[in-house]
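Each chain, letter by letter, is given below.
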Amino acid sequence: MNSTKTFYVTTPIYYVNGMPHIGHAYTTILADVLARYHRAQGDDVFFLTGVDEHGQKIQQAAEDAGVEPQEQCDRMALHFKNAWEKLEISYDFFMRTTADFHKKAVQDVLQDLWDKGEIYEHEYGGYYCVGCERFYTTKELVDGKCPQHLKKPEFIKEKNYFFRMSKYQEWLVNYINENPGFIQPESRKNEVLGFLNGALEDLCISRPKSRLSWGIELPFDKDFVTYVWFDALLNYVTGIGYKQDEDRFDKWWPADYHLIGKDIVTTHCVYWPTMMKAAGIPMPKTIFAHGWWMVDATKMSKSLQNIVKPLDLVDKYGVDPVRYYLIRDMVLGQDANFSEEMFIKRYNSDLANDFGNLASRIATLIRKNFGNNIPKGNNPGLDEREIQTNGEKLPKEVQKLISEMRLNEAIETILSYVRSINRYMEMKAPWKLVKTDHEKAGLVLYTAAQGFCIAAKLLEPVMPGKICSVLSIFPLKSENESWGNLISGEELKEFQILFPRIQAAPDKPAPEKNMKTDEDSLNLISIDEFFKAKLITAKILEAEKVLGTSKLLKLQIDTGSDTRQIVAGIAEYYAPEQLIGKTIVAVVNLQPAVIRGIESNGMLLAAKKGKQLQLITTSDSIEPGASVG
RNA sequence: GGCGGAGUAGCUCAGUCGGUUAGAGCAGCGGAAUCAUAAUCCGCGUGUCCGGGGUUCGAAUCCCUGCUCCGCUACCA
């Protein structure tokens, strides 16, 4: 309420030569979570994201699609906007580098730099590969040929414009050293300093139109367009009014966070700061590079498209749990592993069991015993006070962790409070207490409900949709997370299960684990039941070991009607090469399973006793796809 | 090759300006309870803190060295 702070956060603007993927989504969700936290704290927030639309690849993509570049960009921009809508991204402005105001502002900056002598013209000769559409240094050439196309590049002379980046090298090194928080995490800072150990060269910031026309024209030479990075980086300032509305710009700048992926550290930590320095723009507070989501460490063969795509989980399980998982399971700065299995574990234990179920039990108890009216919270005892005190401390703790970019720990802290409420419930057992001391039971439920609301409120930036809907059933005085804002005597609206447990775990390998359970029970089955399993002969086409496992082989089998992949735990008994060509018996209508990140669509049959295992094969040759039974 | 980061319980990670029996969550095992989404709660960890040296009264934490993984960078002149 008092002095409103401003908070300006950016994502990179994404290059529109491809569809939105997990990398784009993650950075954007991260920015969104930060933006929402700061809004909830009462800060004045500006959240900028968008797309980068100029350059060679865009022009090429448009040509391939047979449309004008602008149309190609319009289409792609829409894909990104739609994706962000689906992911509940609350950006304040969606930047497009083809917007007139941006082009004009970029030209203004270029003109200034030109006038100040920060940009100069230079003609040089170089080896240019038409296939790659780029110059190579002599060192890069292999036998005088382009390493990509193995063709001899042409030596051409070309004029271009260069930004005097090199003259800021020393300044930049000092700046980075004097401002330890400027580049985070520290490992990236060191990386940049390492890069700056070598001589920094001037940056070519133009492209002749004869080669590339899709870009922002240089104001001082209409035969050239601006190099796409130079154009793109400036979005961080043009998007908030630079060279258009200085008041607006001054309000937001310098940015609190430029969030980036670790792949674009150099552009953001070298090009961009020197550009700003030359243009007289103050430095942003922090450039933060996060790691990557590794999807299935064991890379699958490209022919198969059965990889679980992270964004597919949104369709399957909803946005909020996916946002929760992404924020909870990545330690910022490090890489993280993505798998549906880990997602489901996280979802079930945190969201369904701890958080959702707590709401459910509170709601049911209030409904059954208090006619759906929030009971009174009078005369709190020691235990109640403890829940209250911890609940009152929680927002500060969370805020601190977030300011340190330890979002995973912030979430864990909130969840640990939720667990403490579950413990409190267990200790007080209001379902029993209600029979002997109705008022005390009411106090317990009030305390639990109020604590729950505080925790929920703090999770809202991560799961805006779900939290909004669960909080809306509680009668609350205010939007903040203060103790006592839950109103006694008012109605608790109808509760609906928030996060239904996900039952089917994607990977249920455990083929041998069942051995100790009652396998010898004499259950007889009907012949119909037997034929539920569709058994056929199949031919093994390919076999390879699953890396990092001792027992697993990945097989491609011909079932007569299709070629499919199965994972079999037989590596200790068969080498991959001795399997190829064998005709085996397989169950082909099993539910698919993901085992060690690899999808398995079926199961082969083998006989096993003790340490022996033999595949079930056919004695004579028979076509793949023959029925077995 | 150089620089940097990482290597802690089955899994994901805390902890490290040296100091009590090294922690959390998840998974697993045993039990209690039954308001709740077969959810919850309680109890259970003989971990070579990557290996080897060293400094120290004392090291996961500092130094040296080796190994593995990752990143950046440079490349067999």
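Small disclaimer: the values here were computed from a predicted structure and weren't measured.

Caption draft 1: Inspection of the overall build of chain A at higher detail. Within chain A, the regular secondary structure consists of 20 helices and 24 strands. A total of 629 residues make up chain A; the buried ones form 51% of that total. Restricting the contact set of chain A to residue pairs at least 6 apart, pairs at least 24 apart contribute 72%. Taken as a whole, chain A presents about 30700 Å² of accessible surface, with 49% of it coming from carbon and sulfur.

Caption draft 2: Inspection of the protein's contact with RNA strand B at higher detail. Near RNA strand B there are 30 residues, and of these Gly356, Asn357, Arg361, Arg423 and Phe499 occur at the shortest range. Within 4 Å of the protein, the contacting atoms of RNA strand B are drawn from sugar and phosphate to the extent of 77%. One nitrogen or oxygen atom from the main chain of Gly356 is found 3.1 Å from a base oxygen belonging to RNA strand B. Contributions of two or more residues to the surface near RNA strand B are made by α6 (186-195), α13 (340-370), α15 (407-428) and α16 (430-436). No other element matches α13, which puts 12 residues into the surface near RNA strand B.

Caption draft 3: Here's a closer look at the sheet that holds strand β1 (residues 6-15). Here we have six strands laid out as an open sheet, ordered β3-β2-β1-β12-β13-β7, and parallel in their pairing. Two strands in the sheet have a free side with no partner beyond their single neighbour: β3 (93-96) and β7 (183-184). Inspection of the sheet shows β7 paired to strand β13 (residues 287-290) by two bridges, in the parallel sense. In the sheet register, Ile183 faces β13, and the bridge partner there is Ile287. Running over the sheet, helix α10 (residues 265-279) touches β7, β12 (257-261) and β13 and is turned about 140° from β12.

Caption draft 4: Quick peek at the sheet that holds strand β10 (residues 217-218). A sheet is described by the order of its strands in space; here three strands give the open sequence β9-β11-β10, paired in antiparallel fashion. At either end of the open sheet lies a strand with only one pairing partner, and these are β9 (206-208) and β10. By the bridge criterion, three bridges tie β9 to strand β11 (residues 221-226) in an arrangement that is antiparallel. When the bridges of β11 are listed, Ser206 appears paired with Thr226.

Caption draft 5: Inspection of unusual backbone geometry at higher detail. Cis geometry marks the peptide bond from Gln184 to Pro185, where omega comes out at -10°. Mapped onto the secondary structure, Pro185 falls in the loop between β7 and α6. Cis geometry marks the peptide bond from Trp253 to Pro254; its omega dihedral reads 5°. Position of Pro254 among the secondary structure elements: in the loop between α9 (246-252) and β12. Even without a glycine there, the phi angle at Glu88 is positive, about 60°. Topologically, Glu88 is positioned in the loop between α3 (69-86) and β3. Note on Glu88: relative accessible area 22%, which makes it partly exposed. Phi is positive for Ala429, which is not a glycine, with a value near 40°. Mapped onto the elements of the fold, Ala429 is located in the loop between α15 and α16.

Caption draft 6: Spotlight on the packing of aromatic side chains. In this structure the tally under the stated criterion is 31 aromatic pairs. When the ring of Tyr26 is compared with that of Trp293, the centres are 5.9 Å apart and the planes differ by 75°; the resulting orientation is edge-to-face. Here Tyr26, found in helix α1 (residues 22-40), pairs with Trp293, found in strand β14 (residues 293-295); they are 267 residues apart in sequence, far enough to count as distant. The exposure class of Tyr26 is buried, given its relative accessible area of 1%.

Caption draft 7: Structural detail: the pairing of β1. When you tally the buried positions in β1, you get eight out of 10 residues, the bulk of the element. In the sheet, β1 pairs with strand β2 (residues 44-52) via eight bridges, with the strands oriented parallel. Across the sheet, residue Val9 finds its bridge partner in β2, namely Phe47. As paired elements, β1 and β12 share two bridges and run parallel to each other. Each residue of the ladder has a partner; that of Thr10, found in β12, is His258.

Caption draft 8: Main features of the packing of helix α14 (residues 382-403) against helix α17 (residues 438-459). One can describe the packing of α14 onto α17 by two numbers: an axis separation of 10 Å at closest approach and a directional angle of 5°. Relative to α17, the element α14 is oriented roughly parallel. Residue-level contacts link Glu384, Ile387, Gly391, Leu394, Pro395 and Val398 of α14 to Leu443, Val444, Thr447, Ile454 and Leu458 of α17. When its residues are assigned to classes, the contact of α14 with α17 shows eight nonpolar, two polar and one charged.

Caption draft 9: Geometry of the side chain of His38. Looking at where His38 falls in the secondary structure, it is placed in helix α1. For His38, the side chain forms a polar contact with the side chain of Asp43, separated by 2.8 Å. Apart from residues lying up to four places away in sequence, His38 is in contact with Phe7, Asp43 and Val45.

Caption draft 10: Quick look at the packing of α6 against α10. Running from N to C, α6 and α10 point in directions that differ by 60°, and their axes come no closer than 10 Å. The pairing of α6 with α10 is recorded here as oblique in orientation. Along this stretch, α6 crosses α10, giving a crossing that reads as right-handed. Seen from α6, the contacting residues are Arg188, Val192 and Phe195; seen from α10, they are Val265, Thr266, Cys269 and Val270. Of the residues contributing to the contact of α6 with α10, the split by class is five nonpolar, one polar and one charged.

Caption draft 11: Summary view of the pairing of strand β18 (residues 563-568). Here β18 lies mainly inside the structure; five of its six residues are buried. Pairing analysis gives six bridges linking strand β17 (residues 553-558) to β18, with the strands arranged antiparallel. Across the sheet, Leu555 pairs through a bridge with Ile566, a residue of β18. Taking the residues that link successive antiparallel strands as the turn, the β17-β18 hairpin has four residues, and the phi of Gly560 there is positive, at about 90°.

Conventions adopted
Residues numbered from 1 in each chain as written. Chains lettered and ligands numbered in written order. Predicted model: local features only at pLDDT ≥ 70, side-chain atom pairs only at ≥ 80, totals over all residues. Heavy atoms only, no water. Helix = DSSP H or I, 4+ residues; strand = E, 2+ residues; numbered from the N terminus. Buried < 20%, exposed > 50% of the residue type's maximum accessible area, 1.4 Å probe, protein only. Contact = heavy atoms within 4.5 Å. Areas by Shrake-Rupley, 256 points an atom, 1.4 Å probe, with all protein chains shown as cover. Near = heavy atom within 4 Å. Polar contact = N/O pair within 3.5 Å; in protein donor to acceptor, adjacent residues only side chain to side chain. Pairing = 2+ DSSP bridges. Axes fitted to C-alpha atoms, helices over the stretch in contact; angles between N-to-C directions. Phe/Tyr/Trp six-rings, centres within 6.5 Å; stacked < 30°, edge-to-face > 60°. Parallel < 35°, antiparallel > 145°, perpendicular 65-115°, else oblique. Nonpolar A, V, L, I, M, F, W, Y, C, P; charged D, E, K, R; others polar. Left-handed = near helix turned anticlockwise from the far one by under 90°.

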